[in-house]
Amino acid sequence: MKVVHIVLVKFKPEITEEAKAKTIKDVLALKDSIPEISIASAGKNFTDRGKGYEYGWVVELEKKEDLPIYANHQSHLDFLSNYKSTFEDVLAFDYEF
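Structure report, in brief. (Residues numbered from 1 in each chain as written. Predicted model: local features only at pLDDT ≥ 70, side-chain atom pairs only at ≥ 80, totals over all residues. Heavy atoms only, no water.)

Digging into the nonpolar core
Then, number 1: Counting 18 residues, the largest nonpolar core has Leu30, Ile37, Trp57 and Tyr70 as its most contacted members.
Then, number 2: Among the elements of the structure, β1 (3-11), α1 (17-33), β3 (55-61) and α3 (74-83) are those that each provide at least two residues to this core. (Core = buried A, V, L, I, M, F, W, Y, C linked by side-chain atoms within 4.5 Å. Buried < 20%, exposed > 50% of the residue type's maximum accessible area, 1.4 Å probe, protein only. Helix = DSSP H or I, 4+ residues; strand = E, 2+ residues; numbered from the N terminus.)

Describing α3
Then, number 1: All of the buried residues in α3 are Ser75, His76, Phe79 and Tyr83. Buried residues of α3, viewed axially, fall in a sector of 100°; they line one side.
Then, number 2: Buried residues along α3 sit in contact with α1, β3, α2 (66-72) and β4 (87-96). (Arc of directions from axis to C-beta. Contact = heavy atoms within 4.5 Å.)

A short note on the packing of aromatic side chains
Then, number 1: Under the definition given, this model contains seven aromatic pairs.
Then, number 2: Taking the centre distance of 4.9 Å and the plane angle of 40° together, the rings of Phe79 and Tyr83 count as tilted. Here Tyr83 and Phe79 lie together in helix α3, a separation of four residues that amounts to about one turn.
Then, number 3: Note on Phe79: relative accessible area 6%, which makes it buried. (Phe/Tyr/Trp six-rings, centres within 6.5 Å; stacked < 30°, edge-to-face > 60°.)

Looking at a nonpolar patch on the surface
Then, number 1: On the surface, Phe93, Tyr95 and Phe97 cluster together into a nonpolar patch covering about 330 Å² of accessible area.
Then, number 2: Relative to the helices and strands, Phe93 resides in strand β4. (Patch = residues over 30% accessible without salt bridge, like charges linked within 9 Å, V, L, I, M, F, W, Y side chains within 5 Å. Areas by Shrake-Rupley, 256 points an atom, 1.4 Å probe, with all protein chains shown as cover. Salt bridge = Lys/Arg side-chain N within 4 Å of Asp/Glu carboxyl O.)

Considering the side chain of Lys20
Then, number 1: Inspection of the secondary structure assignment puts Lys20 in helix α1.
Then, number 2: In this structure the side chain of Lys20 is engaged in a polar contact, spanning 3.3 Å, whose partner is the side chain of Glu17.
Then, number 3: Leave out the neighbours within four places in its chain, and Lys20 touches Phe11, Ile15, Glu54 and Tyr55. (Polar contact = N/O pair within 3.5 Å; in protein donor to acceptor, adjacent residues only side chain to side chain.)

Describing the pattern of salt bridges
Then, number 1: Under the criterion given, the structure shown has seven salt bridges.
Then, number 2: Two residues, Lys20 and Glu17, come together in a salt bridge whose shortest N-O distance is 3.3 Å. Of this pair, Lys20 and Glu17 both sit in helix α1, three residues apart, roughly one helical turn.
Then, number 3: The exposure class assigned to Lys20 is buried, which follows from its relative accessible area of 6%.
Then, number 4: Three or more residues are tied together by salt bridges with common partners; here these are Glu17, Lys20, Lys44 and Glu54.

What follows is the structure, encoded as structure tokens:
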């Protein structure tokens, strides 16, 4: 069964729109360095239903066993190291289909 990994982010108030855009660019670039990612998409919320979560991304993996490989891949760890401090809050949700 495939796995969908969803992340919703609230950025800290001082984070600029340019910095947010770079975050999205870099999260999408993970697909180029982590072979377990089959599909990646990301974007800015455009409705009033996001409860403060401004941006989100979705990563699709081929199987459940790929999730820890993705999570512990050096490119993902580098992404977290570069951006985690810019997030006020993060919600992650994973499911199989």
